[in-house]
Amino acid sequence: MSENQSIENCIRDNLEIYFRDLDGTEPTGLYDMLVKLVEKPLLDVVMTHSGQNQSRAAEWLGFNRNTLRKKLLEHDLLK
């Protein structure tokens, strides 16, 4: 990935590769799959940069601490 490539373009490029690799097979559950694949690294990186401070991380993400805890549990990211 080039330094100037945006996250949006990175996702777009990888989705194009995904569809190419499907070789005509129709995908199912694409939205849920993509959200889960993006959410876990997002939570992991934000928790790292917040020093594992859940209140700060929740604020950065724009939701409450209880929602963050639920998502961290779902992704097995509670340390």
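The text that follows walks through the structure, step by step, so that each part is easy to find.

1. Regarding the nonpolar core
L43, V46, M47, A57, A58, L68, L72 and L77 together form the largest nonpolar core, which totals 8 residues. If you list the elements that add at least two residues to this core, you get α2 (30-49), α3 (54-61) and α4 (65-74). Ranked by residue count, the leading element in this core is α2, at 3 residues.

2. Focus: the packing of α2 against α4
Interhelical geometry of α2 versus α4 gives an angle of 120° and a closest axis separation of 10 Å. The way α2 lies across α4 gives a crossing that is left-handed. Two secondary-structure elements touch here, α2 through E39, L43 and M47 and α4 through L68, K71, L72 and E74. Looking at side-chain class alone, the contact of α2 with α4 contains 4 nonpolar, no polar and 3 charged residues.

Rules and cut-offs
- Positions within a chain are numbered from 1, following the residues in the order the chain's sequence is written.
- For a predicted model such as this one, the threshold for reporting local features is a pLDDT of at least 70, and the threshold for listing and counting side-chain atom pairs is 80 or more; totals across whole chains, interfaces and linings nevertheless cover every residue.
- The side-chain values count all of the structure's non-hydrogen atoms but skip hydrogen atoms and water molecules.
- Here, nonpolar core refers to any group of buried Ala, Val, Leu, Ile, Met, Phe, Trp, Tyr and Cys residues whose side-chain atoms link them within 4.5 Å.
- Working definition: with a 1.4 Å probe on protein chains only, accessible area under 20% of the residue-type maximum means buried, over 50% means exposed, and in between means partly exposed.
- Note on conventions: DSSP H or I runs of at least 4 residues are helices, E runs of at least 2 residues are strands, and numbering of each starts at the N terminus.
- Note on geometry: axes are lines fitted to C-alpha atoms, helical ones only across the stretch in contact, with angles between N-to-C directions running from 0 to 180 degrees.
- Each helix crossing is assigned a hand: it is left-handed if the near helix lies turned anticlockwise from the far helix by less than a right angle, otherwise right-handed if that turn is clockwise.
- In this analysis, two residues are considered to be in contact whenever any of their non-hydrogen atoms come within 4.5 Å of each other.
- Put simply, Ala, Val, Leu, Ile, Met, Phe, Trp, Tyr, Cys and Pro go in the nonpolar bin, Asp, Glu, Lys and Arg in the charged bin, and everything else, Gly too, in the polar bin.

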